[in-house]
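Here's the letter readout for the chains.
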Amino acid sequence: MEASLFQNVDCVSLYVDNMDEGIAFYSALGLNLLWRTAYSCGLGMSGDITEVVLVTKHNPVVQFKVESVETALMAYAKAGGKVELAPFDIDIGRCAVVSDPWGNQYCLLDMSKGKYTTDAQGVVTGVAP
């Protein structure tokens with residue numbers, strides 16, 4: 001059996017009007033603040049594999065982690081998927097928006113630049129390989 005193109009569900013993004021209120025609500029449900037920027041934050045679930053990412057600037061989306069976005073897009077297109085938005089840089093690596101043959105859209109992302117580094121309050125201070 002071939003290895004899965006998707007390594008894991010990296011995150012599910014949810015829109016909130018107010019970041020502090022969103023953090024308070026999801027923290028009350030047991031999620032832990034992992035990192036925070038001006039317009040988004042990552043909340044960890046048990047096991048810290050998949051994050052809930054709260055956003056104030058873009059629509060909700062599912063993001064699948066892949067080893068390399070560019071390599072994944074070749075396999076994705078070969079299988080019949082469509083690239084909706086070509087690869088672009090994000091803080092931690094690369095991302096692309098794709099759709100399957102039924103019109104479901106989601107993101108593929110890699111962490112080729114590393115993971116966020118944070119201070120004691122979870123505020124992002126940089127990216128480390």
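Look up: the structure comes first, before these words.
Conventions we followed
Residues numbered from 1 in each chain as written. Predicted model: local features only at pLDDT ≥ 70, side-chain atom pairs only at ≥ 80, totals over all residues. Heavy atoms only, no water. Buried < 20%, exposed > 50% of the residue type's maximum accessible area, 1.4 Å probe, protein only. Helix = DSSP H or I, 4+ residues; strand = E, 2+ residues; numbered from the N terminus. Arc of directions from axis to C-beta. Pairing = 2+ DSSP bridges. Axes fitted to C-alpha atoms, helices over the stretch in contact; angles between N-to-C directions. Phe/Tyr/Trp six-rings, centres within 6.5 Å; stacked < 30°, edge-to-face > 60°. Lys NZ or Arg CZ within 6 Å of the ring centre and 35° of its normal. Core = buried A, V, L, I, M, F, W, Y, C linked by side-chain atoms within 4.5 Å.

Visitor: Would you take a moment to explain helix 1 (residues 19-28) for this structure?
Guide: Since one α-helical turn is 3.6 residues long, residues separated by three or four positions face the same way. Looking only at helix 1, the buried set comprises Met19, Gly22 and Ile23. Angularly, the buried residues of helix 1 cover 100° about the axis, an arc narrow enough to put them on a single face. Opposite the buried face of helix 1, by more than 90 degrees, sit the exposed residues Glu21 and Ala28. Looking one or two residues beyond helix 1, the residue adopting positive phi is Gly30, at roughly 100°.

Visitor: Explain the sheet that holds strand 6 (residues 82-90) to me, please; I cannot follow it from the model alone.
Guide: Hydrogen bonds along the backbone pair up the strands of a sheet, which may run parallel or antiparallel. On the basis of which strands lie adjacent, the open sheet formed by eight strands has the order 2-3-4-1-5-8-7-6 and mixed pairing. Both edges of this open sheet fall to strand 2 (32-36) and strand 6, since each of them pairs with a single strand only. Neighbouring strand axes in the sheet, compared pairwise and without regard to direction, differ in orientation by 25° on average. Pairing geometry for strand 5 (residues 62-65) and strand 8 (residues 105-110), over three bridges, is parallel. Within strand 8, the residue paired with Lys65 across the bridge is Leu109.

Visitor: What's the story with the packing of aromatic side chains in this structure? I'm lost.
Guide: Given two aromatic rings, their pairing is described by the distance between the two centres and the angle made by the two planes. All chains considered together, the criterion is met by six aromatic pairs. With a centroid separation of 4.8 Å and an interplanar angle of 90°, the aromatic rings of Phe25 and Tyr26 are classed as edge-to-face. Lys57 extends its terminal NZ or CZ atom over the ring of Tyr39, reaching a point 4.1 Å from the ring centre.

Visitor: How should the pairing of strand 1 (residues 8-15) be read in this particular structure?
Guide: Working note: regular strand, side chains alternate between the two faces of the sheet. Pairing of strand 1 with strand 5 involves four bridges; the strand directions are antiparallel. Across the sheet, Val12 pairs through a bridge with Val62, a residue of strand 5. By the bridge criterion, five bridges tie strand 1 to strand 4 (residues 51-55) in an arrangement that is parallel. In the sheet register, Tyr15 faces strand 4, and the bridge partner there is Val55.

Visitor: Is there a simple way to explain the nonpolar core in this structure?
Guide: Soluble globular proteins: nonpolar side chains tend toward being buried together. With ten residues, the main nonpolar core is built from Phe64, Val66, Val69, Ala72, Leu73, Tyr76, Ala96, Val98, Tyr106 and Leu108. When contributions to this core are tallied by element, the ones reaching two or more residues are helix 2 (69-78), strand 7 (93-99) and strand 8. When residues in this core are grouped by element, the largest group, four residues, is from helix 2. Counting residues in each nonpolar core, the second largest holds eight residues, with Ile23, Cys41, Leu43 and Leu54 among its members.

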